[in-house]
2 protein chains.
Amino acid sequence: MKPSFNLSLYLVLDPDLCGGEEGIVATALAAVAGGVTIVQLRAPKWKKRQWVSAAFALKAALDPLNIPLIINDHIDVALLADAAGVHVGQQDIAPEMARQLIGPNKILGLSTSNAGQMAAVPLDIVDYIGVGPVFATGTKLDASPVIGLEEFANLMQAKTIPAVAIGGIGLGRVAALRAAGADGVAVVSAVCGQADPQQAAQALRLEVADV
Amino acid sequence: MKPSFNLSLYLVLDPDLCGGEEGIVATALAAVAGGVTIVQLRAPKWKKRQWVSAAFALKAALDPLNIPLIINDHIDVALLADAAGVHVGQQDIAPEMARQLIGPNKILGLSTSNAGQMAAVPLDIVDYIGVGPVFATGTKLDASPVIGLEEFANLMQAKTIPAVAIGGIGLGRVAALRAAGADGVAVVSAVCGQADPQQAAQALRLEVADV
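None of the values given here were measured: they were computed from a predicted structure.

Structural notes on the packing of helix α1 (residues 20-33) of chain A against helix α2 (residues 48-62) of chain A
Residue and element names in this part refer to chain A.
And step 1. At a closest axis distance of 10 Å, the pairing of α1 and α2 adopts a crossing angle of 25°. Put simply, α1 runs roughly parallel to α2. Like other packed secondary-structure pairs, α1 and α2 cross with a definite hand, here right-handed. Side by side, α1 and α2 meet where Glu-21, Ile-24, Val-25, Ala-28, Leu-29 and Val-32 of the first sit next to Gln-50, Ser-53, Ala-54, Ala-57, Leu-58, Ala-61 and Leu-62 of the second.
And step 2. Residue composition of the contact of α1 with α2, grouped by class: 10 nonpolar, 2 polar and 1 charged.

Structure (structure tokens):
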């Protein structure tokens, strides 16, 4: 059975921002204690041996807390670690093929950045979409053009699948995104880059609940 | 059943050197016509969607010729394309885990660059090793230190599994490597970078047979 998941406060772990392989487990645990509901590992600079090691460590840490671990891009790593799901971008393995590899019982997320990409999402295959970058971001070097809050709200009017806002999201921006229709917000540096990730997540959590 | 394979003239396709995704199939076919016996796709700069597309195209081209297609690093891509095998490096997914994903009927290769790594190869899991770089190479940016022909010959004395020499190999260097005990030679720019890949492969083939 596919694990249930709550997209409301979605942490994307960037090892560059949170102390490398050593730092990510501590960051993830602190963030979950602060209210993060789902965790993705995204480490485009890593070789696969490190990916596997980190994915096993995160899985062991998050499973007892019932927090799903999502693996970005590398489905082979997700399969080995028995992660809860995978997240692919428009240039990664296509959703239909990703589903073929992971089977029916894993979560599948897909990045989108405009109405055309959202309309093309295979709804019987993908479980949620990321929509962004809503704001300018420094943590994803190959990001698409910034959408902005107004256009994001337009996109949310047309959505037919749970959607997570991503890109440049931090304190003070969450409530407006939720009000615009986002099922959740994905944060990277707003948690990974902070001195106290638990407190940072708690503050974001309050804004999530504030709608 | 695991496909039979002949390591004697092993082409590593580098899209940067042979015209990108469009060029690799033509290069591979020409090289096979010239005597290449096995083909690996290695494209560390590519996103996975392009990997999958190229792997399908290569598989369709090589299957009728009974030439095995080996996928470097990305086991998810190999699974989707039903490639003949995968090749992993020391920093990629570990051989035991790679075998777990691909099952018993696929070819598994592992890169090694010294006696310690060769002694650590799990012989019941890995089908062949790459040994190199024997000579200086410009086509692999994260290559290990150069081994040299003398040390390569020492390593071949201790080998317990089929071994392919790799790194800076071109015309005039093949016979010595074969004489030193290499089961095959892997070439990149000696074929991919040439105006006439078929002729380039033929010339290498003559040297392979010259031992």
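On we go from here.
Digging into the packing of aromatic side chains
Residue and element names in this part refer to chain A.
And step 1. Under the counting rule described, the total for this entry stands at 6 aromatic pairs over all chains.
And step 2. Relative to Tyr-128, the ring of Phe-5 lies with its centre 6.3 Å away and its plane at 55°, an arrangement referred to as tilted. In this pair, Phe-5 sits in the segment before β1 (9-13) while Tyr-128 sits in strand β6 (residues 128-131), placing the two residues 123 residues apart along the sequence.
And step 3. Exposure remark for Tyr-128: the relative accessible area of 1% places this residue in the buried category.
And step 4. Ring geometry for Trp-46 against Trp-51: centres 6.4 Å apart, planes inclined by 90°, an arrangement best described as edge-to-face.
And step 5. For Trp-51, a relative accessible area of 1% gives the class buried.
And step 6. A network of ring pairs unites the aromatic residues Phe-5, Tyr-10 and Tyr-128 as a single cluster.
And step 7. Positioned above the aromatic ring of Phe-135, the side-chain terminus of Arg-173 is 3.9 Å from the ring centre.

Observations regarding the UniProt feature "binding site: Mg(2+)" (unreviewed entry) in chain A
Residue and element names in this part refer to chain A.
And step 1. Mapped onto this structure's residue numbering, the UniProt feature "binding site: Mg(2+)" (unreviewed entry) falls at Asp-73 and Asp-92. The largest pairwise C-alpha distance within this set of annotated residues, which runs over 20 residues, is 6.2 Å, so the set is compact in three dimensions.
And step 2. Among the secondary structure elements, Asp-73 is positioned in the loop between β3 (69-72) and α3 (75-81).
And step 3. For Asp-73, a relative accessible area of 14% puts it in the buried group.

Let's talk about the environment of Ala-153 of chain B
All names here are of chain B.
And step 1. With respect to the helices, strands and loops of the structure, Ala-153 is situated in helix α6 (residues 149-157).
And step 2. For Ala-153, a relative accessible area of 22% corresponds to the partly exposed category.
And step 3. Considering only alpha carbons, one finds Ala-153 and Ala-182, 29 residues apart in sequence, at a separation of 8.4 Å.

Section: the sheet that holds strand β5 (residues 107-112) of chain B
Hydrogen bonds between backbone atoms are what pair the strands of a sheet, whose relative direction is either parallel or antiparallel.
Residues and elements named next belong to chain B.
And step 1. An order of β1-β2-β3-β4-β5-β6-β7-β8 is seen for the 8 strands of this closed barrel, with the pairing classed as parallel. Sheet twist, expressed as the mean angle between neighbouring strand axes with direction ignored, is 25°.
And step 2. Sheet analysis places strand β4 (residues 85-88) next to β5, joined by 4 bridges and oriented parallel. Each residue of the ladder has a partner; that of Val-88, found in β5, is Leu-110.
And step 3. Sheet contacts for helix α1 (residues 20-33): β1 (9-13) and β2 (38-41); angle to β1, the most-contacted strand, approximately 170°.

Brief notes about the sheet that holds β6 of chain A
Residues and elements named next belong to chain A.
And step 1. Strands sit in the order β1-β2-β3-β4-β5-β6-β7-β8 around a closed barrel of 8 strands; the barrel is parallel. Here the strands of the sheet are splayed against their neighbours by 25° on average, with no regard to which way each runs.
And step 2. Where strand β7 (residues 163-165) lies against strand β8 (residues 184-187), 2 bridges are found, and the strand directions are parallel. Bridged to Val-164 within β8 is Gly-184.

Observations regarding the interface of chain A and chain B
And step 1. Counting from both sides, the interface comprises 22 residues of chain A and, opposite them, 22 residues of chain B.
And step 2. Of the roughly 2000 Å² buried between chain A and chain B, counting both surfaces, carbon and sulfur atoms make up 62%.
And step 3. Scanning the region where chain A abuts chain B turns up 4 salt bridges.
And step 4. Lys-48 of chain B serves as the salt-bridge partner of Asp-73 of chain A, at 3.8 Å between the closest nitrogen and oxygen.
And step 5. At the junction of chain A with chain B, the criterion picks out 13 residue pairs in polar contact (both at pLDDT 80 or more).
And step 6. Going through the elements one at a time, α2, α3 and α4 (95-102) of chain A are the ones with two or more residues in the side of chain A that touches chain B.
And step 7. Considering only residue class, the side of chain A that touches chain B consists of 10 nonpolar, 5 polar and 7 charged.

Procedures and definitions
- Each chain carries its own residue numbering, running from 1 in the written order of its sequence.
- Whichever chain is written first is A, and whichever ligand is written first is 1; the rest continue in order.
- Residues qualify for local features only when their pLDDT is at least 70, as the model is predicted, and side-chain atom pairs are given and counted only at 80 or more; totals for whole chains, interfaces and linings, by contrast, use all residues.
- Heavy atoms from the whole structure form the basis of all side-chain values; hydrogens and water molecules are not counted.
- To obtain an axis, a line is fitted to C-alpha atoms, over the contacting stretch when the element is a helix, and the angle between two such axes runs from 0 to 180 degrees between their N-to-C directions.
- Segments assigned H or I by DSSP are reported as helices when at least four residues long, segments assigned E as strands when at least two residues long, and all are numbered from the N terminus.
- Under this scheme an angle from 65 to 115 degrees is roughly perpendicular, one under 35 degrees roughly parallel, and one over 145 degrees roughly antiparallel; angles in between are oblique.
- With the far helix as reference, a near helix turned anticlockwise by less than a right angle produces a left-handed crossing, and one turned clockwise produces a right-handed crossing.
- Should any heavy atoms of two residues lie within 4.5 Å, those residues are counted as being in contact.
- Amino acid classes used here: Ala, Val, Leu, Ile, Met, Phe, Trp, Tyr, Cys and Pro are nonpolar; Asp, Glu, Lys and Arg are charged; the rest, including Gly, are polar.
- Think of it this way: a Phe, Tyr or Trp ring, Trp meaning its six-membered ring, pairs with another when their centres are within 6.5 Å, and the plane angle makes it stacked under 30 degrees, edge-to-face over 60, tilted otherwise.
- Only protein chains enter the accessibility calculation, which uses a 1.4 Å probe. A residue is then buried if its area is under 20% of the maximum for its type, exposed if over 50%, and partly exposed in between.
- Only Lys NZ and Arg CZ are tested; either one counts as a charge over a ring when it is within 6 Å of the ring centre and within 35 degrees of the ring normal.
- UniProt positions are given in the numbering used here, feature names are shortened, and annotations may be inferred rather than shown by experiment.
- Here, strands pair whenever DSSP counts at least two bridges between them.
- Take the accessible area each of two parts loses on contact, using a 1.4 Å probe, and add the two losses: that sum is the buried area.
- We count a salt bridge whenever a side-chain nitrogen from Lys or Arg sits within 4 Å of a carboxyl oxygen from Asp or Glu.
- Here a polar contact means two N or O atoms within 3.5 Å. Within protein one must be a hydrogen donor candidate and the other an acceptor candidate, and residues neighboring in sequence count only if both atoms are side-chain atoms.

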